[in-house]
Amino acid sequence: MILTRIRTNPTSLSTLFQSRCVQKGPTASSSWTAKFRGSPRPPPSPPQRPFSSSSFDHVPTLLDTQALQQSLSAWGPSMAASLQQDGYWTNYPPTDDAVSTENDDILPMDVIRALRQQSQALREEGRFEPSWSEKTLEGGETVRFDKEGVYACEPDGGDYETAPDMLLYMSTLLSTLPVVLNQEYNNSNNSKNREKRGGVPLNLSNQAFNAKLAVTLAGGSSYPLHIDNTLGVTGNDTRKLTCILYLNPEYHTNDGGELELMLLDQQCVHLSPRGGRLLLFWSDDMPHQVLPHKPDSTASEFDRYALTLWIPDGDPRNIQDPDSKFQILRSDEFQGETW
């Protein structure tokens, strides 16, 4: 299978996050704009470094693609129900204090460890770049600055020999999850809800995507409150589903770095970045932020790794759907910010 990356600009996907702290609550200053290079739309040309697994049959891997496909399919009904009800889904309880079992695993822990090691190898190869943001001043002038403590890269086919399990995970997720969720989500929607939405089914695409592998350094680094897709179709951004896999197998509760997700009724949930957690949420609706990570240490062993895939929807009517019950979470102050 060929992985096709979305490129509207050859700049790395490391251009993602603002550099400021925001208090809990769905508010953010519209004077801050973080630039995202690579909105999910059909690429004008083939990717620079395509991936074909047949080209690297000699590279050993741990990932069992068939087992991952089966796991995603088995979780499909739960994913669809939680996305419809809560706007997000995850395989583990929010905090590590709650009990989880091997049945909750999407991937075995040895694969998570391998993915972290491959992430570190990419970092050693110089594939990561500092994340940067842009601040828009009152007069319209745009000022760029680097964001301390966050580095990222966009994994692609050229990384296969260094990170084969990562590329296989991406390929398998992208070929399986859209099909599973489209079927389960559309089947789970009752007729009244479908009529309210104009009869438009969920149409997640497996033909295009964005990807980002990020490391947040220990020492208190964080991401401010934001929504991934605020530009919507008018801004050529059709990202609908955010999929984050956390690669921190030795994570402990007091390490921090939780993702705080804003929910309906002024509620929020804190989700630890423990290794093996897969988190899904609506890219165009759900405000979220990353709380300070490991403020009491700068040791590299505590660095926080996360692999994010954004999956677009092929029907523009599903992007920033005005009939979505989660649209109330979209503040006007988020408009124009892109992550």
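Preceding this section is the structure that the text describes.
Residues numbered from 1 in each chain as written. Predicted model: local features only at pLDDT ≥ 70, side-chain atom pairs only at ≥ 80, totals over all residues. Heavy atoms only, no water.

Peer 1: Outline the nonpolar core, supporting the account with residue identities and numerical values.
Peer 2: Judged by nonpolar contacts, the single largest core of 60 residues is most densely connected at Leu 107, Tyr 169, Leu 177, Leu 241 and Leu 280. Broken down by element, the residue count for this core peaks at ten residues, all from helix H3 (residues 164–188). Setting aside anything within four residues of it in sequence, one finds Tyr 169 in contact with Leu 63, Leu 68, Leu 107, Leu 245, Leu 278 and Leu 307. Counting residues in hydrophobic clusters, the runner-up holds five residues, among them Val 150, Ala 214, Tyr 223 and Val 290. (Core = buried A, V, L, I, M, F, W, Y, C linked by side-chain atoms within 4.5 Å. Buried < 20%, exposed > 50% of the residue type's maximum accessible area, 1.4 Å probe, protein only. Helix = DSSP H or I, 4+ residues; strand = E, 2+ residues; numbered from the N terminus. Contact = heavy atoms within 4.5 Å.)

Peer 1: Help me get a handle on the packing of aromatic side chains, residues and values and all.
Peer 2: For any pair of aromatic rings, the description rests on two quantities: the centre-to-centre distance and the angle between the ring planes. Per the stated rule, a full pass over the model turns up three aromatic pairs. Seen in terms of ring centroids, Phe 128 and Tyr 305 are 6.5 Å apart; in terms of plane orientation they differ by 90 degrees. Their pairing is edge-to-face. Note that Phe 128 is positioned in the loop between helix H2 (109–124) and strand S5 (129–136) and Tyr 305 in strand S14 (residues 304–312), a separation of 177 residues in sequence. For the pair shown, Phe 128 and Tyr 305 are each scored as buried. (Phe/Tyr/Trp six-rings, centres within 6.5 Å; stacked < 30°, edge-to-face > 60°.)

Peer 1: I'd love a proper account of the environment of Asp 285, names of residues and values included.
Peer 2: Checked against the element boundaries, Asp 285 lands in the loop between strand S12 (278–282) and strand S13 (288–293). Through-space distance from the C-alpha of Asp 285 to that of Leu 241 is 9.7 Å; in sequence the pair is 44 residues apart. Asp 285 has contacts with Ile 227, Ser 324, Phe 326, Gln 327, Leu 329 and Arg 330, leaving out every residue within four places of it along the chain. A polar side-chain atom of Asp 285 sits 2.6 Å from a polar atom in the side chain of Arg 330. (Polar contact = N/O pair within 3.5 Å; in protein donor to acceptor, adjacent residues only side chain to side chain.)

Peer 1: Quick rundown of H2? Include the residues and the values.
Peer 2: Taking 1.5 Å per residue, 16 residues should reach 22 Å; H2 reaches 23 Å between its end C-alpha atoms and fits that length. Turning to H2, its buried residues number three or more, namely Val 111, Ile 112, Ala 114, Leu 115, Arg 116, Gln 118, Ser 119 and Leu 122. Buried-residue contacts for H2 involve H3, strand S7 (210–216), strand S9 (239–246) and S14. Where H2 ends, the next residue or the one after it, Gly 126, has phi of about 85 degrees, a positive value. (Expected span 1.5 Å × (residues − 1).)

Peer 1: So, unusual backbone geometry: which residues are in play, and what are the values?
Peer 2: At Gln 266, a residue that is not glycine, the phi angle is positive and equals roughly 60 degrees. Relative to the assigned elements, Gln 266 resides in the loop between strand S10 (259–262) and strand S11 (268–271). Since its relative accessible area comes to 83%, Gln 266 is described here as exposed. In this structure, Gln 320 takes a positive phi of about 50 degrees despite not being glycine. In this fold, Gln 320 is placed in the segment after S14.

Peer 1: Give me the environment of Met 170: which residues, what numbers.
Peer 2: On the secondary structure map, Met 170 appears in helix H3. For Met 170, a relative accessible area of 0% puts it in the buried group. Residues Met 170 and Asp 156 lie 14 residues apart in sequence; the distance between their C-alpha atoms is 9.6 Å.

Peer 1: Explain the pairing of S14 to me, using residue names and the numbers behind them.
Peer 2: The element S14 is extensively covered by neighbouring structure, given that nine of its nine residues are classed as buried. Neither face of S14 is exposed, since Arg 304, Ala 306, Thr 308, Trp 310 and Pro 312 on one face and Tyr 305, Leu 307, Leu 309 and Ile 311 on the opposite face are all buried. As defined by bridge partners, S7 adjoins S14 across seven bridges and the pair is classed as antiparallel. Looking at the pairing, Lys 212 lines up with Thr 308 of S14. (Pairing = 2+ DSSP bridges.)

Peer 1: Tell me about the pattern of salt bridges, residues and numbers included.
Peer 2: This model, assessed by the stated rule, comprises nine salt bridges. A salt bridge links Asp 159 to Arg 127; its shortest N-O distance comes to 2.8 Å. Here the residue Asp 159 occupies a position in the loop between strand S6 (142–153) and H3, and Arg 127 occupies one in the loop between H2 and S5, the gap between them amounting to 32 residues. Residue Asp 159 is classed as buried on the basis of its relative accessible area of 2%. The class for Arg 127 is partly exposed, based on a relative accessible area of 21%. Residue Asp 255 pairs with Lys 294 through a salt bridge whose shortest N-O separation is 3.2 Å. Placement of the pair is Asp 255 in the loop between S9 and S10 and Lys 294 in the loop between S13 and S14, with a sequence separation of 39 residues. The two residues Asp 255 and Lys 294 agree in class, both being buried. (Salt bridge = Lys/Arg side-chain N within 4 Å of Asp/Glu carboxyl O.)

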